[in-house]
Amino acid sequence: MSRGLNEQFDEVVREYIDFVNEQVGAYMSALAGFAGHHARVSRQVNRANRPLATRPLDEEGIPTIVWASYEDPTKPDVIHNQIVRCDDYLEANRPGGRNEQQHSRSILIFLFTYWEAEIRPRLARAKGVQLNEVQSDIMGDLRTLRNVILHSKSMIRPDKHASLKLLGDMFEVDKELAFSYEGMHQIFVLIKQDCARLLLGWWGAEDGPVRPEQLKDVAIQFGPRRIRRPKADAP
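Here is a short report on the structure shown in this document. Note that the coordinates shown come from a computational prediction; the quantities given were computed from them, not determined experimentally.

1. A short note on the packing of helix α3 (residues 98-127) against helix α6 (residues 181-203)
Relative placement of two packed helices is described by the angle separating their axes and the distance separating the axes. Where α3 meets α6, the closest approach of the two axes is 12 Å, and the angle between their N-to-C directions is 5°. With respect to α6, the element α3 is oriented roughly parallel. Residue-level inspection shows Glu100, Ser104, Ile107, Leu108, Leu111, Trp115, Leu123, Ala126 and Lys127 of α3 in contact with α6, the latter providing Tyr181, Met184, Ile187, Phe188, Ile191, Leu198 and Trp202. Across the contact of α3 with α6, the residue classes break down as 13 nonpolar, one polar and two charged.

Written out as structure tokens, the structure is:
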């Protein structure tokens, strides 16, 4: 997507805040979906495992499994499916389980990649500075987490842990990264606080009555833009 050479610094920051909010919404929706799957399958497992005296004879001894499938509209004769043990399915969809961890990692990688590849260069252009002059501690931490996820199978080694400036207390050295619900929301808040820091610096209000670390959310509202209408030629 092409961008204007004279776009405003605060407009770029607002775009990133909107992007972060989209990821927060996706994260919450995904967690609700995982919880719904867990609840539904738990009920089904309880029905399937009811006392043998109330079960039909042909059901005795059958292991409880979950089967999921969907059709490929381009190949209606092919059905992709997944068959897993119920215990494994419930473990994957429980709060903090494998699916939640996978989604959390994906969102953090997405947040950092969009910042680094799109937002940060535009902020530098809007401010008229070199790229390395646009700094962010939380984004530096996300860079480290991204590298750990993609290159170390989410195992955080001592050197990577030591490089974390804000998120070090969330993780244990030589352990797999684990993202809690509270931890993810702390990361979202830290990102927005840093957006506020960038804005206050741009506006020259670093010494204002409110510090960025006191904020829990950030929103920017611009007034209506004036639209220049072409004037009709005089008769």
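2. Overview of the nonpolar core
Among the nonpolar cores identified, the biggest contains 41 residues, and Tyr16, Leu111, Leu123, Leu142, Leu145 and Ile191 are the most heavily contacted of them. For this core, the secondary structure elements donating two or more residues are α1 (9-48), α3, α4 (137-151) and α6. With residues near it in sequence (within four places) discarded, leucine 145 still touches Leu108, Leu164, Leu167, Phe171, Leu177 and Phe179. Of all hydrophobic cores here, the second largest spans five residues; its members include Val41, Val45, Tyr89 and Leu90.

3. Examining α6
Here α6 is 23 residues long and its end C-alpha atoms lie 33 Å apart, about the 33 Å a rise of 1.5 Å per residue gives. Just downstream of α6 lies glycine 204, where phi reads positive at about 70°.

4. Some points on the side chain of asparagine 93
By secondary structure assignment, the location of asparagine 93 is in helix α2 (residues 86-93). A polar contact of 3.1 Å, which involves the side chain of asparagine 93, links it to the side chain of asparagine 99. Once residues within four sequence positions are removed from consideration, asparagine 93 is found in contact with Phe34, Ala35, His37, His38 and Asn99.

5. Overview of the packing of aromatic side chains
This model, assessed by the stated rule, comprises nine aromatic pairs. Cluster of aromatic residues (ring-pair linked, three or more members): Tyr16, Phe19, Phe110, Tyr114 and Trp115.

6. Side note on α4
Between its terminal C-alpha atoms α4 stretches 21 Å, which fits the 21 Å expected from 15 residues at 1.5 Å a residue. For α4, the full list of buried residues reads Ile138, Met139, Asp141, Leu142, Thr144, Leu145, Val148 and Ile149. For α4, the N-terminal cap is serine 136; the gap from its side-chain oxygen to the backbone nitrogen of methionine 139 is 3.2 Å. Phi for lysine 153, located one or two positions after α4, is positive at around 55°.

7. Remarks on the pattern of salt bridges
Evaluation of the coordinates by the stated rule reveals 11 salt bridges. Residues glutamate 7 and arginine 122 are paired through a salt bridge, measuring 2.8 Å at the closest nitrogen-oxygen approach. Note that glutamate 7 is positioned in the segment before α1 and arginine 122 in helix α3, a separation of 115 residues in sequence. The residues glutamate 7 and arginine 122 share a single accessibility class, namely buried. Where salt bridges share partners, they join Glu7, Glu15, Glu118 and Arg122 into one cluster.

8. Concerning the environment of valine 148
Its place among the elements puts valine 148 in helix α4. Given a relative accessible area of 1%, valine 148 falls into the buried group. Between the alpha carbons of valine 148 and histidine 161 there is a distance of 9.6 Å; along the sequence they are 13 residues apart. In this view, valine 148 contacts Lys153, Ser154, Met155, Ile156, Lys160 and Leu177; residues no more than four positions away in its chain are not counted.

9. Thoughts on the packing of α2 against α3
With their axes 4 Å apart at the nearest point, α2 and α3 run at an angle of 40° to one another. By the criterion of interaxial angle, the relationship of α2 to α3 is oblique. In this structure, α2 contributes Asp88, Glu91, Ala92 and Asn93 to the contact, and α3 contributes Arg98, Asn99 and Glu100. A breakdown of the residues in the contact of α2 with α3 according to their chemical character gives one nonpolar, two polar and four charged.

10. Examining empty space enclosed by the protein
Scanning all chains against the criterion turns up one cavity of 30 Å³ or more. Quantified by volume, the largest cavity comes out at close to 30 Å³. It is α6 that provides the largest number of residues to the lining of the largest cavity, a total of four residues. Within the lining of the largest cavity, the residues separate by chemical class into six nonpolar, one polar and one charged.

So, how was this worked out
- Residues numbered from 1 in each chain as written.
- Predicted model: local features only at pLDDT ≥ 70, side-chain atom pairs only at ≥ 80, totals over all residues.
- Heavy atoms only, no water.
- Axes fitted to C-alpha atoms, helices over the stretch in contact; angles between N-to-C directions.
- Helix = DSSP H or I, 4+ residues; strand = E, 2+ residues; numbered from the N terminus.
- Parallel < 35°, antiparallel > 145°, perpendicular 65-115°, else oblique.
- Contact = heavy atoms within 4.5 Å.
- Nonpolar A, V, L, I, M, F, W, Y, C, P; charged D, E, K, R; others polar.
- Core = buried A, V, L, I, M, F, W, Y, C linked by side-chain atoms within 4.5 Å.
- Buried < 20%, exposed > 50% of the residue type's maximum accessible area, 1.4 Å probe, protein only.
- Expected span 1.5 Å × (residues − 1).
- Polar contact = N/O pair within 3.5 Å; in protein donor to acceptor, adjacent residues only side chain to side chain.
- Phe/Tyr/Trp six-rings, centres within 6.5 Å; stacked < 30°, edge-to-face > 60°.
- Salt bridge = Lys/Arg side-chain N within 4 Å of Asp/Glu carboxyl O.
- 1 Å grid on protein atoms, 1.4 Å probe; cavity = no way out; pocket = protein on both sides within 12 Å on 5 of 7 lines; lining within 4 Å.
- Points joined across faces, edges and corners; volume = space filled by probe spheres on them.

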